[in-house]
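Single-letter residue listing:
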Amino acid sequence: MALKVQPLQCTGCRICEFACNYHHDTTISPIGSSIMFYFEEKKNYYGLMVKRDKSLLLGRPEGEKVLLPGEQIEGAGASAKPILLRVACDLCKDEDNGPVCIQACPYGVLSVEGA
Amino acid sequence: METMNTYNGTILVVDLDAQTCTTEELSTDLIEQGLGGAGINLLLYEQYKDRNPLVLGSGLLTATFAPAACCGVMTAKSPVTGQIAHVPFGWQTGVEMKLTGFDFVVILGTSPKPVRLWLHDGLSDINDAADIWGKDVWASVDKIREAYGDEMVQTLIIGPAGENKQSLAQVCENYWGSKDKAGLGAVFGAKNLKAVAMRGLGSLEVAEGFFQKCMELKNEIVGGSIKGKAGLYDIGAALGIDATALEKMKTMIHRNNAAYNCPYPYYTFLKYNEPPAAMDMKGHAEPGCLVSDIAGFAALAATGSDPARAFERCCRFGLEPLGTAAALKKQGAGDVAQIDKLAGTGTAEGIPVWPVCVDQQQAIMAITKALSFAVPPRAPFSQDGGAQTWVARQAVAYLLGIDPVIMLLAPELTEEKLAALVALAADWDDFSADTLKKIANAVITKST
């Protein structure tokens, strides 16, 4: 099972990022999340990245792409680089109501594939 | 009361005359009196009123999981009304300021030279702005992000109109317009303050059960009045904005964006330098413009100019679009190039008036001129409660840091539910909707 992103439904509200951080360390902050918003603001080019155990999920406006170790990050600028240092998504396995990012997103962007 | 779940506990005082930054503690007394946002801003404004203060304040719930808790509020004397004005700042800027570690920023006096204020990680610097003074907003934001090495730096910034102290000037949020209809761009310019740049990687504590309560309220909103609607277009259509302008907009819609934690995306990105459906990043470097002001867009269209390109010029020069359209109309000019000249000569003729809902706007202005008409004068998707209700609910949003447009769109955000979130977040057992309404009403009374 893994988190899935529908990038074009995303509006860039970033609540998934903050909810994920809350799951990991019980605070409101953008810095400790497994999911990360990246943004080329003047081009309005944005999407979400998810740090998985052995890969990165890149949810770009053009579509999803899974990056394996050693592959270059494409379609995400410098704002996305810190994702490599983040803790991997654990699908909120200890949360009663499932992944908090899915609970928090008002737009139905996120789901669990293989569930 | 437990303040660490809502605030960092710090007020920054920036003395531009002396070029110094000092901090003060955000006391529990101040929070009990003013709650936050416009409420505490007003108390700080009074405290420093002899120093021409410009106060930036976080709402009590800003940056929390409360739905639409994305805004801060700027408070200063408006060059448009001559009275105190409260202007919400949102997009990602309100959240960013709180996460820098500063809940409130009081900016006093006038800098002897152009400067920008740099807030980050609990630190504040007054930096020289000679490299961006005279540049337009887009070029300046690029330069600031390059200088601080981070493309997620958020800015409240002015263009040439603000530098020239024109009352038609608007404080911009990054590259785009804002809710500033009060000429606070000229206040920045008069202080020789080009920008407040912010990068916040701080954190706030979360009270037990708060996340779940916020999710319940968010789900109620998503399933309520806004269900099935999106973007500026739907708001405009519901309000009766000119169909020609709306259809023009429709041909350029790229994506609808939302500010932090907002359940309705009313920031609509228009692409006109490449096909709107283009989703990759390989195309035009500046493919279009983000628009959140439907009244301004429609008014620019009514001048005969290309409304999207005219809106972009307003953003670049830091001009308020609705007033700009009125000035263009007065000149009989529909030429986009005429907008550039207004950066040097743009005088606002009072608060800009919407092309629709005029009677209700007049009724609201008879109560107060202290709040922003970037927010439509009536609710587009639900039964409207009239001018008194508009003012009362907006004032609550300005205290708590709730996006004022979402406050209007979502009647599910009741004072009772918001008061319950405050009580839970701040561990403030006896806090009630009555207290919330009373403090909100006092803000209006004292600002008018």
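See the structure shown above.
Given the structure is predicted, the values throughout are model-derived calculations rather than measurements.

### Topic: the pattern of salt bridges
Residues and elements named next belong to chain B.
At step 1: In this structure the tally under the stated criterion is 29 salt bridges over all chains.
At step 2: A salt bridge links Lys113 to Asp128, with the nearest nitrogen and oxygen atoms 3.5 Å apart. Of this pair, Lys113 sits in the loop between strand 6 (104-108) and strand 7 (115-120) while Asp128 sits in strand 8 (residues 123-128); the two residues are 15 residues apart in sequence, bridging distant segments of the chain.
At step 3: The residue Arg316 makes a salt bridge to Asp136 at a minimum N-O spacing of 3.5 Å. Highlighted residues: Arg316 in helix 11 (residues 307-317) and Asp136 in the loop between strand 8 and helix 4 (137-148), separated in sequence by 180 residues. Of the two residues examined, Arg316 and Asp136, each falls in the buried class.

### Some remarks on the sheet that holds strand 8 of chain B
Residues and elements named next belong to chain B.
At step 1: Pairing is mixed across the open sheet formed by 5 strands, whose spatial order is 8-7-11-9-10. The outermost strands of the open sheet, each flanked by one partner alone, are strand 8 and strand 10 (172-173).
At step 2: Pairing of strand 9 (residues 154-157) with strand 10 involves 2 bridges; the strand directions are antiparallel. Bridging across to strand 10, Ile157 finds its partner in Cys172.

### Quick look at the state of the cysteines
At step 1: One pass over the structure, following the stated rule, counts 0 disulfides over all chains.
At step 2: Of all cysteine sulfurs in the structure, the one in Cys92(A) sits closest to Cys20(A), which takes part in no disulfide; the separation is 6.4 Å.
At step 3: Between Cys172(B), a cysteine without a disulfide, and Cys315(B), which holds the nearest cysteine sulfur, the sulfur-to-sulfur distance is 6.1 Å.
At step 4: Looking at Cys172(B), the relative accessible area reads 0%, which means it is buried.

### Observations concerning the packing of aromatic side chains
At step 1: Evaluation of the coordinates by the stated rule reveals 20 aromatic pairs over all chains.
At step 2: Ring centres 5.4 Å apart and planes at 15° place the aromatic pair Phe373(B) and Trp390(B) in the stacked group. Here the residue Phe373(B) occupies a position in the loop between helix 14 (358-367) and helix 15 (387-400), and Trp390(B) occupies one in helix 15, the gap between them amounting to 17 residues. Grouping residues by exposure puts Phe373(B) and Trp390(B) together as buried.
At step 3: Aromatic pair Trp428(B) and Phe431(B): ring centres 4.7 Å apart, planes at 45°, arrangement tilted. Per residue, the accessibility class of Trp428(B) equals that of Phe431(B), and both read buried.
At step 4: Three or more aromatic residues joined by ring pairs make a cluster, and in this case those are Phe37(A), Phe39(A), Tyr46(A), Trp91(B), Tyr266(B) and Tyr267(B).
At step 5: A cation sits over an aromatic face here: Lys229(B) above Phe381(B), 5.2 Å from the ring centre.
At step 6: The side chain of Arg255(B) reaches across the aromatic face of Tyr46(A), ending 3.9 Å from its centre.

Basis of the calculations
- Residues numbered from 1 in each chain as written.
- Chains lettered and ligands numbered in written order.
- Predicted model: local features only at pLDDT ≥ 70, side-chain atom pairs only at ≥ 80, totals over all residues.
- Heavy atoms only, no water.
- Salt bridge = Lys/Arg side-chain N within 4 Å of Asp/Glu carboxyl O.
- Helix = DSSP H or I, 4+ residues; strand = E, 2+ residues; numbered from the N terminus.
- Buried < 20%, exposed > 50% of the residue type's maximum accessible area, 1.4 Å probe, protein only.
- Pairing = 2+ DSSP bridges.
- Disulfide = S-S within 2.5 Å.
- Phe/Tyr/Trp six-rings, centres within 6.5 Å; stacked < 30°, edge-to-face > 60°.
- Lys NZ or Arg CZ within 6 Å of the ring centre and 35° of its normal.

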